[in-house]
Amino acid sequence: MKALIIDDEKHVREAIRLLVPWETFQIGTILEAQDGQTAIELIQKEKPEIIFTDMMMPNMDGTKLLEWASKHAPASKIIVISGHDDFSFVRTTVKCGCIDYILKPIDAEQLKSALATAIDSWKREEQERSRSLHMNIELNQLKPIFLEQYFSTLISEPGNHPAFAETMEQELGILMPITHMRVAIVSLELSPPAVKAKFAAGLDLLFFALTNICNEFLRDKGLGYAFRYRGHDLELALLLWGEARYAPELLGEINTAIFKTLKTRLVFGIGLPTAFPSEAATSYQLAKLALQRRNLLGGSADFHFYEPSTAHAKNPLLMWSEFEERIRFAVQSGQQEQIRRAMQPWFDALDQSGYISLEQLSQWRQQFELAKSRWEAHDDGPVSEEKADTRANNAHPLPVTPLGTFDYEQWKQSVFDEACESARRVAERDKESGVIYDIAKYIEQHVHSDITLQEIASRFFLSREYISRKFKQEMNENISDFIARSRIKRAKELLANGQLRISQIAEQVGFQDEKYFSKVFKKWTDCSPNEYRKRHYGEDGGGK
C-alpha cells in the first residue's frame, strides 16, 4: 500500500513518519507533498490508498484539495491533520467523506486509530470494487452470448417481441425505433482449408474473430449487429438496420478487414428488407436462398442478393435419374472403367451447363444416396427415403480449393470414388450371399451328420457369430431352424419307403434317438412319422 503526507511544514511530515508503524499497517511506500498542487500530481501518478493532509497550505489549500480528491480519487481514504479547530474545515471533511479530523499537536494513538479505520474501510471497499469488477467482467463476457441467443430467437421464433425496444436500448444503446431491417448471412461450409486448420481446435474462436470484425463496422456505427446464429453451427448472421441500401459497400469494407486478419474473403447472402422484428425470419430465409442458389462455378462475388428466379431448374445435376440406370449397371459390373464411362455423359452435361448451386447439390445428394441404397440392397424393393436422407446428412463435406471456392474437379472425382466404393460393397454383398448359399447347400447334403454351428464355422473359415447373422439376413431363417427343417424334409422323403423302419430314418437324418426324432418331427408337421406315412403313403408306405 502507499501513503501520501501533505503538509507545508517539514517537521509535521517527519512527525507523522515517526509516529506511524508503517510495516504493521503493510504500507511500503510513503510519499510527501508540501502543497495541494504537488499532491494532485502525486495522487494522479501514484494513486495512494491513504492520504494525510493539512488544511492551510500555499498554492492550493486543503478545502480545494478535498473537493478535487472526492471527484478524482474517491477510492483513497483521507485523514485531515490541522492546527485549526474550524467548523467549516470539519464540515468540508465530512462532506468529502474523510475518515477523521485530527488536531495538532498530533496524538499518536489517535493517529494510529484513524489509520486503522481508514485501512479497514479501504479494504472493505476494495473487496466490493473487486467483486463488482468481477461481476462486470462476467456480464461483459455473457452479454455477447445473451445477444447471440436473443437475436437467434428473433429469427427462429417470428412474431411479436414486446420487450424488443427496451432490449435494443439497454444492450445496444439504440434509442430510435427500428421498424425494418434486412439479414445478411455467411456460411463457413466452403471456408478455405488454411482457415479451418488455423481454427482446428474449434469454431468458437473463429466466430469470435468474425463477429468482432463485423461489429466494428455495424454496432459501433449504429448500422446493425453481427452474431453467430444458434442452431446453425456454420452460419454468421448480420442484421442491417433499415433498408440497408448501403449493404454492398459496407460488406465490401467488412470483407476487406476480414481478409487483412484471416487472409480469406467470405461470401454473403442478402435477403430483402422486412418488418423488424416480426418478419426477421423471412429476410433470413431469403438471404439463405441467395447463398444457396449462387453459382459455385461462376466468379467469386462477395455478396449475392436474393432474386426470385427459377433459372437452372433443369440443370443436369437434378436430372440424375436420366443417367442413373446406366451408372447402376456399371456399378453392378464392379469395373471402374465401366463406371467412369457410364458417368462421363453426366459429367459432360454438367460441364456444358456451367451452373451448380449448393441448393442443387443438397437435392442431388439425397437422390444419390437413395440410388446407392438401391444398388446395395439385397433385393430390388423400395428403399426408405428417411434412410437416404440420414446418409445424405452424414455425407462428406464439399471439397474446397485453397482460396475457399468449390473444387468442382475434386467433387467429380469424389462422386466417382463413391460409386466405385458402392460397387465394392455390392461385390462384397454378392460374395457373402454366395457363401451363405454354399452353407445351406452343405447342410442339405449332410442332414445325416451331426451338424453344429462350430463345425460349419471351421469348415468355411468364418466365425459362428458372422454365420448366424448373415444366414438370418440372407435366408430369413435361423440356421438351427434351417438344419431342423432340412432334416424333416429329408425324413418325409424317406418315409415313402415302407421298407425303412422309423429308427432307420431317424438315423439317416442325424437323430440317434428315435423318440427324440418323433418329437421333433411332430413339432414341425403336427403329426408323428407313422401318422405322416399313413396319411401320405398308405399303410405300408410307397404310396400304398
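Report on the accompanying structure. The model shown is predicted, which means the values in this text are computed figures rather than measured ones.

### Section: the overall build of the protein chain
Then, number 1: For the protein chain, the helix and strand inventory stands at 21 helices and 11 strands.
Then, number 2: With the principal axes as the frame, the protein chain shows a C-alpha extent of 145 × 65 × 45 Å.
Then, number 3: Taken over 544 residues, the protein chain has a buried fraction of 44%.
Then, number 4: When the accessible surface of the protein chain is summed, it comes to about 29700 Å², and 50% of that surface belongs to carbon and sulfur atoms.
Then, number 5: One finds the centroid of the 67 positive side-chain charges in the protein chain at a distance of 8 Å from the centroid of its 78 negative side-chain charges.

### Looking at the nonpolar core
As a rule of thumb, nonpolar side chains are buried together in soluble globular proteins.
Then, number 1: Among the nonpolar cores identified, the biggest contains 33 residues, and Ile339, Trp346, Phe406 and Trp411 are the most heavily contacted of them.
Then, number 2: Elements supplying a minimum of two residues to this core: helix 11 (320-333), helix 12 (336-353), helix 13 (358-376) and helix 15 (408-445).
Then, number 3: When residues in this core are grouped by element, the largest group, 8 residues, is from helix 15.
Then, number 4: Counting residues in hydrophobic clusters, the runner-up holds 27 residues, among them Leu188, Cys214, Leu218 and Leu250.

### Examining the sheet that holds strand 5 (residues 100-103)
Then, number 1: Strand order in this open sheet of 5 strands is 2-1-3-4-5, and the pairing throughout is parallel. Strands at the two margins of the open sheet, each flanked by one partner only, are strand 2 (29-33) and strand 5. With strand direction ignored, the average angle separating the axes of adjacent strands in the sheet is 20 degrees.
Then, number 2: As defined by bridge partners, strand 4 (residues 77-82) adjoins strand 5 across 4 bridges and the pair is classed as parallel. Across the sheet, residue serine 82 finds its bridge partner in strand 5, namely leucine 103.

### Re the pattern of salt bridges
Then, number 1: Inspection of the entire model under this criterion finds 27 salt bridges.
Then, number 2: With a closest N to O distance of 2.6 Å, glutamate 125 and lysine 77 form a salt bridge. Within this pair, whereas glutamate 125 is found in helix 5 (residues 108-156), its partner lysine 77 is found in strand 4, the two being separated by 48 residues in sequence.
Then, number 3: Judged by its relative accessible area of 6%, lysine 77 falls in the buried class.
Then, number 4: A network of salt bridges, in which partner residues are shared, links Asp7, Glu9, Asp54 and Lys104.

### Quick word on the environment of valine 415
Then, number 1: For valine 415, the position within the fold is in helix 15.
Then, number 2: Look at valine 415 and you get buried, because its relative accessible area is 0%.
Then, number 3: For the pair valine 415 and arginine 365, spaced 50 residues apart in sequence, the C-alpha to C-alpha distance is 10.0 Å.
Then, number 4: Sequence-distant contacts of valine 415, that is, excluding residues within four places in its chain, are made with Met343, Trp346, Trp364 and Phe368.

### Here we look at helix 9 (residues 247-262)
Then, number 1: For helix 9, with 16 residues, the first-to-last C-alpha span of 21 Å sits near the 22 Å given by 1.5 Å per residue.
Then, number 2: Listing the buried residues of helix 9 in full gives Ala247, Leu250, Leu251, Gly252, Ile254, Asn255, Ala257, Ile258 and Leu262.
Then, number 3: Structurally, helix 9 contributes buried residues whose contacts are with strand 6 (180-187), helix 7 (193-198), helix 8 (204-217), strand 8 (235-241), strand 9 (268-270) and strand 11 (303-305).
Then, number 4: The positive-phi residue at the C-terminal boundary of helix 9 is lysine 263, with phi of around 60 degrees.

### As for the packing of aromatic side chains
Then, number 1: Inspection of the entire model under this criterion finds 28 aromatic pairs.
Then, number 2: Arranged with centres 5.5 Å apart and planes meeting at 55 degrees, the rings of phenylalanine 511 and phenylalanine 517 form a pair that is tilted. Here phenylalanine 511 and phenylalanine 517 have matching classes, each one buried.
Then, number 3: Geometrically, the ring pair formed by tyrosine 532 and tyrosine 537 is edge-to-face, given 6.3 Å between the ring centres and 65 degrees between the ring planes.
Then, number 4: On the basis of relative accessibility, which here comes to 11%, the residue tyrosine 532 falls in the buried class.
Then, number 5: Linked through ring pairs, Trp320, Trp346, Phe347, Trp364, Phe368, Trp375, Phe406, Tyr408 and Trp411 together constitute an aromatic cluster.
Then, number 6: Across from the ring centre of phenylalanine 347, 5.8 Å away, lies the NZ or CZ of lysine 412, which sits over that ring.
Then, number 7: Positioned above the aromatic ring of phenylalanine 511, the side-chain terminus of arginine 487 is 5.5 Å from the ring centre.

### Regarding the side chain of glutamate 418
Then, number 1: With respect to the element layout, glutamate 418 can be found in helix 15.
Then, number 2: Given a relative accessible area of 15%, glutamate 418 falls into the buried group.
Then, number 3: Contact partners of glutamate 418, with chain neighbours within four places excluded, come to Arg365, Phe368, Glu369 and Lys372.

### Some thoughts on unusual backbone geometry
Then, number 1: The omega torsion of the bond from lysine 104 to proline 105 falls at -5 degrees, within 30 degrees of zero and hence cis.
Then, number 2: Inspection of the secondary structure assignment puts proline 105 in the loop between strand 5 and helix 5.
Then, number 3: Cis geometry marks the peptide bond from phenylalanine 276 to proline 277; its omega dihedral reads 5 degrees.
Then, number 4: Tracing the chain through its elements places proline 277 in the loop between strand 10 (274-275) and helix 10 (280-292).
Then, number 5: Not every positive phi belongs to a glycine, and asparagine 59 is a case in point at roughly 65 degrees.
Then, number 6: Summarising the element assignment, asparagine 59 is placed in the loop between strand 3 (50-53) and helix 3 (62-72).
Then, number 7: The class of asparagine 59 is exposed, set by a relative accessible area of 69%.
Then, number 8: Unlike most non-glycine residues, asparagine 476 shows phi in positive territory, near 55 degrees.
Then, number 9: Structurally, asparagine 476 is set in the loop between helix 17 (464-475) and helix 18 (479-494).

### Side note on the packing of helix 11 against helix 12
The angle between the axes and the distance between the axes are what describe a pair of packed helices.
Then, number 1: Two elements in contact, helix 11 and helix 12, have axes separated by 7 Å at closest approach and are oriented at 165 degrees. The orientation of helix 11 relative to helix 12 falls into the category roughly antiparallel. Handedness of the helix 11/helix 12 crossing: left-handed. In contact with Trp320, Phe323, Arg326, Ile327, Ala330, Val331 and Ser333 of helix 11, helix 12 contributes Gln338, Ile339, Arg341, Ala342, Met343, Pro345, Trp346 and Ala349.

About the cut-offs
Residues numbered from 1 in each chain as written. Predicted model: local features only at pLDDT ≥ 70, side-chain atom pairs only at ≥ 80, totals over all residues. Heavy atoms only, no water. Helix = DSSP H or I, 4+ residues; strand = E, 2+ residues; numbered from the N terminus. Buried < 20%, exposed > 50% of the residue type's maximum accessible area, 1.4 Å probe, protein only. Areas by Shrake-Rupley, 256 points an atom, 1.4 Å probe, with all protein chains shown as cover. Lys, Arg positive; Asp, Glu negative; His and termini not counted. Charge placed at Lys NZ, Arg CZ, Asp CG, Glu CD. Core = buried A, V, L, I, M, F, W, Y, C linked by side-chain atoms within 4.5 Å. Pairing = 2+ DSSP bridges. Axes fitted to C-alpha atoms, helices over the stretch in contact; angles between N-to-C directions. Salt bridge = Lys/Arg side-chain N within 4 Å of Asp/Glu carboxyl O. Contact = heavy atoms within 4.5 Å. Expected span 1.5 Å × (residues − 1). Phe/Tyr/Trp six-rings, centres within 6.5 Å; stacked < 30°, edge-to-face > 60°. Lys NZ or Arg CZ within 6 Å of the ring centre and 35° of its normal. Parallel < 35°, antiparallel > 145°, perpendicular 65-115°, else oblique. Left-handed = near helix turned anticlockwise from the far one by under 90°.

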